[in-house]
Amino acid sequence: MKLMLLGAPGAGKGTVAKMLTAIDGSVQISTGDILRSEVKAGSELGKEAEKYMKAGDLVPDSLIMDMMEKRLQQDDCKKGFLLDGFPRTIPQAEQLDKLLEKLGIDLDMVVNIDVPREIIFDRLCTRRTCSNPDCQEIYNVKSNPPKKEGVCDKCGSPVVQRDDETEEAIAHRLDTYNEKTRPLVDYYAAKGKFKNISGTSSEEVVKVIKAELGI
Ligand code: AMP
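Residues numbered from 1 in each chain as written. Predicted model: local features only at pLDDT ≥ 70, side-chain atom pairs only at ≥ 80, totals over all residues. Heavy atoms only, no water.

**Regarding the site of the ligand**
Of all residues adjacent to the ligand, which total 16 residues, the nearest are T31, R36, D57, G85 and Q92. Within the backbone of D57, one N or O atom sits 2.6 Å away from an oxygen atom of the ligand. At 3.1 Å from an oxygen atom of the ligand is found a side-chain nitrogen or oxygen belonging to R88. Among the elements that take part in the shell around the ligand, helix α2 (residues 31-41) stands out by supplying four residues, more than any other. Its residues placed into classes, the shell around the ligand shows six nonpolar, four polar and six charged. (Near = heavy atom within 4 Å. Polar contact = N/O pair within 3.5 Å; in protein donor to acceptor, adjacent residues only side chain to side chain. Helix = DSSP H or I, 4+ residues; strand = E, 2+ residues; numbered from the N terminus. Nonpolar A, V, L, I, M, F, W, Y, C, P; charged D, E, K, R; others polar.)

**Examining the pattern of salt bridges**
Should the charged atoms of two oppositely charged side chains come close, the side chains can pair. On inspection of all chains with the given rule, the structure shows 19 salt bridges. Between K142 and D122 there is a salt bridge, with the nearest N and O atoms lying 3.2 Å from each other. On the criterion of sequence distance, the pair formed by K142 in the loop between β6 (138-140) and β7 (159-160) and D122 in helix α6 (residues 117-125) is long-range, its members being 20 residues apart. E137 is the partner of K154 in a salt bridge, and the nearest nitrogen-oxygen pair spans 3.2 Å. Separated by 17 residues along the polypeptide, K154 in the loop between β6 and β7 and E137 in the loop between β5 (127-130) and β6 bring together distant segments of the chain. You can call K154 exposed: its relative accessible area is 61%. (Salt bridge = Lys/Arg side-chain N within 4 Å of Asp/Glu carboxyl O. Buried < 20%, exposed > 50% of the residue type's maximum accessible area, 1.4 Å probe, protein only.)

Coordinates in, geometry out; function isn't part of it.
Okay, here's the thing in structure tokens:
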């Protein structure tokens, strides 16, 4: 499947994407995960992106588009992909339209996961993430803690609170979402092949997506 997952930080895009990859081997493409790996690796892109990410600001569109143009042409995308956290601005969406046309790729659907802000804020404050850049499994201290405190169930690496998941950075990320990313909902709704799903359970969201795709 070739899907785009829209929604605020903490809406559950990553969890839903991971559940969908298990269905048909489509790959999850999370721009946030890729950027965090680049930061850890100390690459030029990572160094440039880090200052924006720490502050909860968006990384400039040009860096994101260069990165995604390369990523979408990698072989594993041929089976299908789930865009998670990209696009995040109208200019990114417009450039992605052109890129997909150039690469001859048609998206099956754009899904917006709609979750109330209070729930999102609470989720992000209690979210913890595996620090291994190749894993980045997501936990929640209240609803889904790792079996052993602070240790990833999947790979055994430390589970940490992200630098951009302090209350201040979260509030800023949600404001940035409202200003820059939420307008994408109307942008894609107007184009068709769009589904808004209100729901706080990732299992429910996946069920609706499967029904829509007839799988
Ligand atoms: P995420 O893990 O999706 O919440 O992303 C973490 C951070 O990475 C964001 O707060 C941004 O600083 C940056 N980021 C991720 N995806 C994008 C994107 N498509 N455009 C700009 N910045 C991004």
